[in-house]
Amino acid sequence: GEDVEQSLFLSVREGDSSVINCTYTDSSSTYLYWYKQEPGAGLQLLTYIFSNMDMKQDQRLTVLLNKKDKHLSLRIADTQTGDSAIYFCAEYRLHNRLAFGKGNQVVVIP
Amino acid sequence: DAGVTQSPTHLIKTRGQQVTLRCSPKSGHDTVSWYQQALGQGPQFIFQYYEEEERQRGNFPDRFSGHQFPNYSSELNVNALLLGDSALYLCASSIGLAGQETQYFGPGTRLLVL
């Protein structure tokens, strides 16, 4: 991805929480996103956060944004087997262009 | 309400050939962006079409070209295919050029170049 970094792999037991991290470099980004990609599928928008927010909660998903450190995280509570996928963070660039990280594969162990 | 659709789902070509991929945006969306996702990588922005014109372009050679039709659907053309063009090609649609949270992706076309 363009200047968006993610760790590569996470395994988690079903029912536990999982946390995925991302760092970005464009401090002018107005929106930051989390996308989910299941095997052989396209990208599903999970959630997004506006840059003037520190936290956003959406059911089992919690997004934390630290603008000072340009750090974004996604916490999935009560992780389920259906959460096994690759998760991409992305930052909004000018005119609706997205810059993605390389993704973080999450494997949920039953 | 159909989401973003892409065709074909899979494609196999040989080096030097040309390929055309198609995308129909989500109903009500007028902007189409194309991304290339190589195996194990995140999507890379190729270009974006709005009002039938290319509005911005990523770091891709001129072998990659596109078109948008009056009904907002779009085509991605790749000439003189290289092995490195093997990837999943994703189309995303949105409204206008500032629809930050409303960008939706299609299932992609998986291209294999032999």
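Every value quoted in this text rests on a predicted model; they were computed, and no experiment measured them.

A separate point is the state of the cysteines. As enumerated under the stated definition, the model contains two disulfides over all chains in all. The disulfide partner of C22(A) is C89(A), and the S-S distance across this bridge is 1.9 Å. Disulfide C22(A)-C89(A): torsion about the S-S bond near 65°, hence right-handed. Separated by 67 residues along the polypeptide, C22(A) in strand 3 (residues 18-23) and C89(A) in strand 9 (residues 85-93) bring together distant segments of the chain. Between the sulfur atoms of C23(B) and its disulfide mate C91(B) the distance is 1.7 Å. In this structure the cystine formed by C23(B) and C91(B) twists about its S-S bond by roughly -50°; its chirality is therefore left-handed.

Counting residues at the interface gives 27 residues for chain B, matched by 23 residues for chain A. Taking both sides of the interface into account, the surface hidden between chain B and chain A amounts to around 1900 Å²; carbon and sulfur atoms contribute 48%. Our count for the contact surface shared by chain B and chain A stands at zero salt bridges. Taken together, the elements giving at least two residues each to the side of chain B that touches chain A come down to strand 4 (31-37), strand 5 (44-50), strand 6 (53-57) and strand 9 (87-94) of chain B. The residue makeup of the side of chain B that touches chain A, split by class, is nine nonpolar, 15 polar and three charged.

For the structure on display, the rule yields 15 aromatic pairs over all chains. When the centroid spacing of 5.9 Å and the interplanar angle of 75° are considered together, the rings of F100(A) and F105(B) count as edge-to-face. You can see F100(A) sitting in strand 10 (residues 97-100) and its partner F105(B) sitting in strand 10 (residues 104-105), one on each of two chains. For F105(B), a relative accessible area of 10% puts it in the buried group. With a centroid separation of 5.1 Å and an interplanar angle of 65°, the aromatic rings of F60(B) and F64(B) are classed as edge-to-face. Across the pair, exposure class does not vary: F60(B) and F64(B) are buried alike. Positioned over the ring face of Y48(A) is K56(A), at 3.8 Å from the centre of the ring. Over the face of the ring belonging to Y104(B) we find K26(B), whose NZ or CZ atom lies 5.2 Å from the ring centre.

To continue, consider the pattern of salt bridges. Taken as a whole and assessed by the stated rule, the structure comprises seven salt bridges over all chains. One salt bridge connects R60(A) with D83(A), and the closest N-O pair in it is separated by 2.9 Å. One end of the pair, R60(A), is in the loop between strand 6 (55-58) and strand 7 (61-66); the other, D83(A), is in the loop between strand 8 (71-76) and strand 9, with 23 residues separating them in the sequence. Assessed through its relative accessible area of 32%, R60(A) is described here as partly exposed. Note on D83(A): relative accessible area 7%, which makes it buried. R22(B) is the partner of E75(B) in a salt bridge, and the nearest nitrogen-oxygen pair spans 3.4 Å. Within this pair, whereas E75(B) is found in strand 8 (residues 74-78), its partner R22(B) is found in strand 3 (residues 19-24), the two being separated by 53 residues in sequence. Relative accessible area serves as the criterion here: at 41%, R22(B) is assigned to the partly exposed category.

In regions of low pLDDT, the predicted coordinates are not meant to be interpreted in detail. Of the residues in chain A, 95% reach a pLDDT of 70 or more, and the chain-wide mean stands at 89. The element-level mean pLDDT for chain A is lowest in strand 1 (residues 5-6) of chain A, coming to 74, with strand 7 of chain A highest at 96.

The next point concerns the side chain of Q6(B). All names here are of chain B. Relative to the assigned elements, Q6 resides in strand 1 (residues 5-7). For Q6, the side chain forms a polar contact with the main-chain nitrogen of C91, separated by 3.1 Å. At 2.9 Å, the side chain of Q6 forms a polar contact with the backbone nitrogen of G108. Aside from chain neighbours lying at most four places away, what touches Q6 is R22, C23, W34, Y89, L90, C91, G106, P107, G108 and T109.

Rules used in this analysis
- Residues numbered from 1 in each chain as written.
- Chains lettered and ligands numbered in written order.
- Predicted model: local features only at pLDDT ≥ 70, side-chain atom pairs only at ≥ 80, totals over all residues.
- Heavy atoms only, no water.
- Disulfide = S-S within 2.5 Å.
- Helix = DSSP H or I, 4+ residues; strand = E, 2+ residues; numbered from the N terminus.
- Contact = heavy atoms within 4.5 Å.
- Buried area = accessible area lost by both parts, 1.4 Å probe.
- Salt bridge = Lys/Arg side-chain N within 4 Å of Asp/Glu carboxyl O.
- Nonpolar A, V, L, I, M, F, W, Y, C, P; charged D, E, K, R; others polar.
- Phe/Tyr/Trp six-rings, centres within 6.5 Å; stacked < 30°, edge-to-face > 60°.
- Buried < 20%, exposed > 50% of the residue type's maximum accessible area, 1.4 Å probe, protein only.
- Lys NZ or Arg CZ within 6 Å of the ring centre and 35° of its normal.
- pLDDT = per-residue confidence, 0-100.
- Polar contact = N/O pair within 3.5 Å; in protein donor to acceptor, adjacent residues only side chain to side chain.

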